[in-house]
Amino acid sequence: MKFLDQTRIYLQSGNGGSGCLSFRREKFIEFGGPNGGDGGRGGDVIAEATLGLNTLIDYRFRQHIRAGNGRPGEGSNRTGANGKDVVFKVPVGTQILDEEGEELIADLSAPGDRVVLLKGGDGGFGNAHYKTSTNRAPRRADTGYPGEEMRVTLRLKLIADAGLVGLPNAGKSTFLSAVSRANPKIADYPFTTLHPNLGIAEVDESRFVIADIPGLIEGASEGVGLGTRFLGHVERCRVLIHLVDGTEEDPAAAYRTVRGELEAYGAGLPDKPELVVLNKSDAIDDDDASERRDALAKESGAEVHLISGVSGDGVRELLRAAARVIRPMVAEEKAEEAEESGPWRP
């Protein structure tokens, strides 16, 4: 299945049904009076987040979503049937924005989140609605109210606990395949990864989701390479795992390049907890590894984890470090949710 993280669709809610102009006509009933029923209400357009999806590719081919119209009222005081609501499902983490993609309408960040984007039109009144003591035979019936329509932009930001960032060929896809059952494309040329990949890592009693995004290069914030478009997928991550290629002559410069692009992108990424990793330790000797690790630690001001995604050296220690960062954040979020929901009552 192809990955698509942004698309634009057209939405239209249902029109209300018209009211009925009708009079009761039965044998031996001299003054039957009005009995025109009201029209049915038009259907709503509803978006719902579901766990079964991780791409917006369905809406590349289904770009028009319309709810059902309300049925007109009928005689004998019969109200028309309401139009059928349409619920279109999107992946968890989908943002719904206006047509230009600037104003946020809804953020469906949890499974089961729903939002009514357009309400259906109300049904018109039949003539029985206008019967009064002074107007015994009203000849007025209203047409149904029209529904609403709009174009929206769907933008997917994947939900992951940890995000992998780094230059192309830093070993991000190899690392993801080593710690999870994901099968990203791996090759010895830049930009092997063209779209984000997700994997679930397990260490000790912890389990968390890791997102691998395409590599960043200098000038990505200005559109060079694949740009910074995919950085949106790590905006929701709790921790960044910054991989630096250990075979680089100057790993500190590689680190500075990626950090510069994160600063240029903003959106809170520069302030997230970061684990700095010197990868591909199996491809360099101990002296070079020690020298480059010290240079990277001096540049980043943080502890540097020395690992090899191929041999697995240092990988479990890195996962434990990530789990130590993620675990308290998850506990804090659960406590906040429990506080908001209030005390449990039988």
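Scroll up to find the structure.
Residues numbered from 1 in each chain as written. Predicted model: local features only at pLDDT ≥ 70, side-chain atom pairs only at ≥ 80, totals over all residues. Heavy atoms only, no water.

A. Molecular detail of the overall build of the protein chain. Counting its secondary structure elements, the protein chain contains five helices and 14 strands. Scaling as 2.2 N^0.38, a compact globule of 346 residues should have a C-alpha radius of gyration of about 20 Å, whereas the protein chain reaches 29 Å, well beyond that. Here the C-alpha coordinates of the protein chain stretch approximately 110 × 50 × 30 Å along the principal axes. Taking all 346 residues of the protein chain together, the buried fraction comes to 47%. Nonlocal contacts in the protein chain, meaning residues at least 24 apart in sequence, comprise 74% of its contacts between residues at least 6 apart. (Helix = DSSP H or I, 4+ residues; strand = E, 2+ residues; numbered from the N terminus. Rg over C-alpha atoms; globule rule 2.2 N^0.38 Å. Buried < 20%, exposed > 50% of the residue type's maximum accessible area, 1.4 Å probe, protein only. Contact = heavy atoms within 4.5 Å.)

B. Summary view of the sheet that holds strand β13 (residues 274-279). The six strands are arranged β10-β11-β9-β12-β13-β14 in an open sheet whose pairing can be described as mixed. Each edge of the sheet is formed by a strand with only one pairing partner; in this case those strands are β10 (197-203) and β14 (304-306). Mean inter-strand twist for the sheet, computed between neighbouring axes without regard to direction, equals 30°. Pairing between strand β9 (residues 162-165) and strand β12 (residues 239-245): four bridges, direction parallel. What sits directly across from Ala162, in β12, is Val239. Running over the sheet, helix α3 (residues 251-265) touches β9, β12 and β13 and is turned about 145° from β12. (Pairing = 2+ DSSP bridges. Axes fitted to C-alpha atoms, helices over the stretch in contact; angles between N-to-C directions.)

C. Helix α2 (residues 172-179), seen in detail. Turning to α2, its buried residues are Lys172, Ser173, Phe175, Leu176 and Val179. Down the axis, α2 shows its buried residues gathered within 160° of arc, on one side only. (Arc of directions from axis to C-beta.)

D. Expanded view of the sheet that holds strand β6 (residues 104-108). Taken in spatial order, the five strands line up as β3-β1-β8-β5-β6 in an open sheet, and their pairing is mixed. Every interior strand has two partners, whereas the edge strands, β3 (64-66) and β6, have only one. Taking each pair of neighbouring strands and ignoring which way they run, the sheet shows an average axis angle of 25°.

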